[in-house]
Amino acid sequence: MRVGYTSVEGGDDIEMLVLPVGHDGGERRGLTGAGTIAALATRSGAELLEQCPRLADLLAQLRQALAAQRADAPPARVRIDGLDEAERKLLADVLGEGEVSGIVALPDRRVAQIQESVFAGLWRVRIEGDAGQRAYDYLEIGAVPEIAARAALDFPAAEIAITEPPAGAMNVMPVLAEISERMAAHRAGEPSHIINFTLLPMNPADMEHLVATLGSGPIQLYSRGYGSCRVLATGARHVWSVQYLNAMDTPILDTIEVGDVPTAVRAADEDFQDSAERIGDIIEAYFA
């Protein structure tokens, strides 16, 4: 896994590859919000109810859960293994692909794929199965999927070992001291502490030592909202590399955040209410 703020020559890097949930190597099925409505508009509500009755019930359940959800509340999980193939395909069209996607590496070397739907705060999570077994696929409503939040707390190290700086280093030691202090002081729900490398003079020796000290973590998230943003967990608990990118995928703002999962990839209270209303509109237009 590559820590976002730099690339160390000769490092054990794995390039970030984020596929939509359910991707099978063929054409992508996921749709934008406009594509979702276009797909549903080709079939009458009566036909949809007849062919996908459990999907209609599921959408009503999702609307109710979204309306009740808050950003600081535990996420709600909704199983979809009771749907047949036709219902799953239509569900994929209704959910579409939202702004945030990513992967979480699990201790048993499996990978969880995360894809936010076009309804912000409603996520689809897919954990690959063992050889010959079906993947575990479910929906989750929350600020960020629980599997990512738990991985951010359970897997990275609680402390960092600060060793002697390399020759030519300028500012890495006070930066590491600041990170270590903020790691120890952070409490869940508190605002993140941000270190901006775009403004801070850090030479290659500084950055190489920083990356080697922090290491790589189990989470890679990517947001394509108002400007792209790449969020990578480091190997240190509460420490994230957050890069904001231009249209050429070149970093224009390079930061370290010490705190909970960064807000750049989290849903807010207003997102849940808006998503509940939009699902309600779809139910009334195509499933009522």
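The structure under discussion appears in the preceding block.
To keep things clear, this report deals only with the structure shown in the data block. Source: prediction; values computed, not measured. For every chain, the first residue of its written sequence is number 1, and the numbers climb from 1 along that sequence. Given that the model is predicted, a residue must reach a pLDDT of at least 70 before its local features are reported, and side-chain atom pairs must reach 80 or more before they are shown or counted; all residues, however, enter totals for whole chains, interfaces and linings. The basis for every side-chain value is the complete set of non-hydrogen atoms in the structure, without hydrogens or water.

### Looking at the side chain of glutamate 87
Phase 1: Relative to the elements of secondary structure, glutamate 87 occurs in helix H4 (residues 85–95).
Phase 2: Type-normalised accessible area, obtained with a 1.4 Å probe on protein chains alone, sets the label of each residue: buried when under 20%, exposed when over 50%, and partly exposed for intermediate values. Note on glutamate 87: relative accessible area 0%, which makes it buried.
Phase 3: In what follows, residue pairs with any heavy atoms lying within 4.5 Å of each other are defined as contacts. Among residues more than four places away in sequence, those in contact with glutamate 87 are Gln51, Cys52, Pro53, Arg54, Leu55 and Gly82. The helix count covers DSSP runs of H or I at least four residues long, the strand count covers runs of E at least two residues long, and both are numbered beginning at the N terminus.

### With respect to the layout of surface pockets
Phase 1: Buriedness for pockets is judged along seven lines, at least five of which must meet protein on both sides within 12 Å for an open set on the 1 Å grid over protein atoms alone, while cavities are sets there where a 1.4 Å probe fits but cannot get out, and lining residues have an atom within 4 Å of a point. Grid points are joined across faces, edges and corners, and a volume is the space filled by probe spheres set on the points. If you add up the space inside the largest pocket, you get close to 760 Å³.
Phase 2: Lining the largest pocket we find 32 residues, and of these Ala71, Gly189, Asp260, Val261 and Arg266 sit closest to its centre.
Phase 3: Listing elements by their share of the lining of the largest pocket, those giving two or more residues are helix H5 (146–154), strand E8 (228–234) and strand E9 (239–245).
Phase 4: Counting residues per element, the lining of the largest pocket draws most heavily on H5, at four residues.

### Re the environment of tyrosine 136
Phase 1: Within the element layout of this structure, tyrosine 136 appears in strand E5 (residues 136–141).
Phase 2: Counting along the chain gives 55 residues from tyrosine 136 to aspartate 81, while the straight-line C-alpha distance between them is 8.4 Å.
Phase 3: Those residues in contact with tyrosine 136 that sit more than four places away from it in its chain are Arg77, Val125, Arg126 and Ile127.

### Concerning the packing of aromatic side chains
Phase 1: Ring pairs are drawn from Phe, Tyr and Trp, using the six-membered ring of Trp, whenever the two centres fall within 6.5 Å, and their geometry is named by plane angle: stacked under 30 degrees, edge-to-face over 60, tilted for the rest. Applying the stated criterion to the full structure yields one aromatic pair.
Phase 2: Here tyrosine 136 and tyrosine 138 contribute two aromatic rings whose centre-to-centre distance is 5.1 Å and whose plane-to-plane angle is 40°, an arrangement assigned as tilted.
Phase 3: For a ring to carry a charge above it, either NZ of a lysine or CZ of an arginine must fall within 6 Å of the ring centroid while also lying within 35 degrees of the normal to the ring plane. A cation over an aromatic ring shows up here: arginine 77 above the ring of tyrosine 138, its NZ or CZ 4.2 Å from the ring centre.

### Quick word on the nonpolar core
Phase 1: Leu58, Leu62, Leu122 and Phe287 are the most contacted members of the largest nonpolar core, which totals 27 residues.
Phase 2: Broken down by secondary-structure element, the contributors of at least two residues to this core are helix H3 (53–68), H4, E5 and helix H8 (269–287).
Phase 3: Counting residues per element, this core draws most heavily on H8, at seven residues.
Phase 4: Counting residues in hydrophobic clusters, the runner-up holds 23 residues, among them Leu106, Tyr138, Trp240 and Val242. Each nonpolar core is a collection of buried residues, namely Ala, Val, Leu, Ile, Met, Phe, Trp, Tyr and Cys, held together in the definition by side-chain atoms within 4.5 Å.

### Description of unusual backbone geometry
Phase 1: The backbone of arginine 109 sits at a positive phi, close to 75°, despite the residue not being glycine.
Phase 2: With respect to the secondary-structure elements, arginine 109 resides in the loop between strand E2 (100–105) and strand E3 (111–116).
Phase 3: The phi torsion at histidine 238 lies on the positive side, around 75°, for a residue other than glycine.
Phase 4: Along the chain, histidine 238 turns up in the loop between E8 and E9.

### Quick word on H3
Phase 1: In this scheme, a helix's expected span is set at 1.5 Å multiplied by one less than its residue total. The terminal C-alpha atoms of H3, which comprises 16 residues, lie 24 Å apart, in line with the 22 Å expected from a rise of 1.5 Å per residue.
Phase 2: For H3, the complete set of buried residues consists of Leu55, Ala56, Leu58, Leu59, Leu62 and Leu66. Here the buried residues of H3 occupy an arc of 160° about the axis, which is enough to place them on one side. The exposed residues of H3 that point more than 90 degrees off its buried face are Asp57, Gln64 and Ala68. In this context, the arc is that of the directions from the helix axis out to the C-beta atoms.

### A word on the sheet that holds E9
Phase 1: Paired strands, as defined in this entry, are two strands with at least two bridges between them according to DSSP. Overall, antiparallel pairing links the ten strands, which are arranged E1-E5-E4-E3-E2-E7-E8-E9-E10-E6 in an open sheet. Sheet topology places strand E1 (76–79) and strand E6 (193–196) at the edges, where each strand pairs with a single neighbour. In this sheet, adjacent strand axes meet at a mean angle of 20° when their direction is disregarded.
Phase 2: Axes here refer to lines fitted to C-alpha atoms; in helices the fit is confined to the stretch in contact. Angles between the N-to-C directions go from 0 to 180 degrees. Across the face of the sheet, H3 comes into contact with E1, strand E4 (122–127) and E5 while running at roughly 40° to E5.

Geometric values such as these leave the question of function open.
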